Amino acid sequence: MNYPYWVAIGLLMLGLYTMIAQRNLLKKAVGMTIFQTAIILFFLLLAVKRDASLPIVSAADVDPARFMNPLPHALMLTAIVVMVATSGVALAILIRLYARYGSLEEDVIAERVASDETDPA
Amino acid sequence: MIERHASVVVQTFVRVLTPLAQLFALYVLAFGHYSPGGGFQAGVILGATYILLALALGRDTLDRKVNQPVCVALGAAGVLLYVLTGVAGMAGGGTFLDYSRLPLPVPPVRARYFGILFIETGVTLGVAATLIILFCRLGEQESGR
Amino acid sequence: MSELILAGLLALLVALAVVAVRAPDLLLAVIALGAYGFVMSLIWAVMGALDVAFTEAVVGAGATTVLFLAALLRMSRRRSPAASPLRWVALAVALGTGGAVLGVTSGLPRWGDPTSAPATHVSPRYLVRTLSETATPNAVTSVLADYRGYDTLVETTVILTAGLGCWLLLNPRRR
């Protein structure tokens with residue numbers, strides 16, 4: 001019964017495909033977000049245990065098998081905020097590109113960059 | 001520029017909600033030891049309250065309350081607080097980020113508790129400042145407002 | 001019952017991801033991304049990862065959507081419908097990566113197994129000793145801030161650096 005892993009991997013593939021195959025740069029940023037959250041989902045799936053409770057222990061009961069694994073949670077917490085920060089930088093770069101070249105399609109930008117280099121105005 | 005929302009209901013609700021939400025962020029930071037929460041959650045809630053302020057009450061309200069260079073400085077101060085807590089552990093005789101040797105008049109286990117609290121505060125400041133800066137910069141229109 | 005909820009939410013998640021990727025209008029894609037982030041945080045809450053769900057609800061459903069929309073207001077909403085010549089390469093890369101990872105998952109422990117390797121390596125030590133060594137019942141906070149404090153320090157620096165990068169890139173005086 002490992003189907004949640006397949007969903008995470010499917011989303012990973014979708015995000016990777018979007019980042020490469022989409023021409024629009026904002027769609028690439030959307031694909032990046034999907035890719036990052038899919039990886040976080042995969043890690044968190046590794047932390048689940050059957051009938052386990054939150055990883056908040058009390059002095060009475062510290063049997064580790066009854067609590068969820070806290071290590072992937074801690075690692076993924078920082079990953080989420082790093083995700084939004086990198087999205088912010090990606091959007092800043094997109095805004096500068098749009099202001100300079102007037103388009104968000106990668107082929108249009110590539111040809112305008114090339115014409116800039118051959119004919120520096 | 002993002003205008004003030006047209007509905008008075010939205011404006012009033014946000015005016016009432018924002019201080020409560022910021023108090024909740026402080027609560028999440030302080031109770032991170034006992035319940036789900038901690039520095040990152042408190043920081044993102046704090047940043048989100050300022051974004052909400054801009055969306056409901058207009059960009060000029062946010063510009064009056066937030067001075068962007070000061071915000072950047074606060075964010076850097078948060079990371080500095082984290083590093084200084086680590087260095088203070090060295091001053092007490094331990095390695096970097098060894099909170100049990102913090103120069104506090106409490107037993108070492110309690111000192112680690114307080115060390116966690118200090119660095120979570122630093123993380124909150126850093127994350128909240130980053131969110132506010134991202135929104136302020138991305139939301140500016142071409143005229144620079 | 002919670003298995004059913006989890007399965008339903010995962011199906012909704014995939015549907016929203018497909019909408020976000022294939023939408024012809026960029027505004028629709030951004031809104032679908034916001035809904036995707038929210039459903040993702042619901043899934044994590046159902047799985048019991050409350051700290052992470054908390055953060056993702058604010059960041060993925062709120063802040064990411066607002067930042068994308070704020071940026072989209074300054075750019076065009078249209079998207080060219082032409083397909084990229086790279087799409088077959090992209091399909092090969094995605095299927096290859098996915099196939100490789102799927103091949104590995106056959107070696108993964110059964111989902112939810114409390115005797116799996118990640119659950120018995122070092123995290124039982126954190127769970128057992130967190131109260132006696134750090135006086136912090138919340139094991140996630142003590143792992144994040146104390147046992148793995150270096151990682152959190154560097155990640156916080158990365159977050160601040162990204163914010164500074166955005167601040168410098170979009171400086172309005174730099175025309």
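So, here's what we can say about the structure. What you see is a predicted model; the values in this text were computed from it and never measured. (Residues numbered from 1 in each chain as written. Chains lettered and ligands numbered in written order. Predicted model: local features only at pLDDT ≥ 70, side-chain atom pairs only at ≥ 80, totals over all residues.)

### Thoughts on the overall build of chain A
Stated formally: The helix count covers DSSP runs of H or I at least four residues long, the strand count covers runs of E at least two residues long, and both are numbered beginning at the N terminus. Here the C-beta atoms are placed from the backbone, and a residue counts as buried if at least 20 other C-beta atoms lie within 10 Å of its own, exposed if 12 or fewer do, and partly exposed otherwise. By definition, residues are in contact whenever their C-beta atoms, placed on the basis of the backbone, come within 7 Å of each other.
When helices and strands are tallied, chain A shows four helices and zero strands. Starting at the N terminus, the α and β elements of chain A follow one another as α-α-α-α. The principal-axis extent of the C-alpha atoms belonging to chain A is close to 75 × 30 × 15 Å. A burial count over chain A gives 55% of its 121 residues as buried. Sequence separation of at least 24 residues holds for 48% of the intrachain contacts in chain A that already meet a minimum separation of 6.

### Description of unusual backbone geometry
Positive phi values are uncommon outside glycine, yet Leu 97 of chain B reaches one of about 65°. You can see Leu 97 of chain B is positioned in the loop between helix H4 (68–91) and helix H5 (108–138). Within the chain, Ala 135 of chain C stands out as a residue other than glycine whose phi angle is a positive 55°. Relative to the assigned elements, Ala 135 of chain C resides in the loop between helix H6 (123–134) and helix H7 (139–147).

### Some thoughts on the interface of chain B and chain A
For the record, the criterion: Gly falls in the polar group here, along with every residue not listed as nonpolar (Ala, Val, Leu, Ile, Met, Phe, Trp, Tyr, Cys, Pro) or charged (Asp, Glu, Lys, Arg).
The partner chain A presents nine residues to the nine residues of chain B that form the contact. Secondary structure elements with two or more residues in the side of chain B that touches chain A: helix H2 (39–57) and H5 of chain B. For the side of chain B that touches chain A, the element with the highest residue contribution is H5 of chain B, accounting for five residues. Its residues placed into classes, the side of chain B that touches chain A shows six nonpolar, two polar and one charged.

### Digging into the packing of H2 of chain B against H5 of chain B
Residues and elements named next belong to chain B. Worth spelling out the cut-off: Here, axes are lines fitted to C-alpha atoms. For helices the fit covers the stretch in contact, and angles between N-to-C directions go from 0 to 180 degrees. Any angle between 65 and 115 degrees counts as roughly perpendicular, while under 35 counts as roughly parallel, over 145 as roughly antiparallel, and the rest as oblique. Throughout, a crossing is termed right-handed when the near helix is turned clockwise from the far one, and left-handed when it is turned anticlockwise from it by less than a right angle.
The N-to-C vectors of H2 and H5 enclose an angle of 30°; their axes lie 7 Å apart at closest approach. When the axis of H2 is compared with that of H5, the two are roughly parallel. The way H2 lies across H5 gives a crossing that is right-handed. Seen from H2, the contacting residues are Gly 39, Phe 40, Ala 42, Gly 43, Val 44, Leu 46, Gly 47, Tyr 50, Ile 51 and Ala 54; seen from H5, they are Glu 120, Val 123, Thr 124, Gly 126, Val 127, Ala 128, Leu 131, Ile 132 and Phe 135. Residue composition of the contact of H2 with H5, grouped by class: 13 nonpolar, five polar and one charged.

Everything listed here is a matter of coordinates, which is why it stays silent on function.
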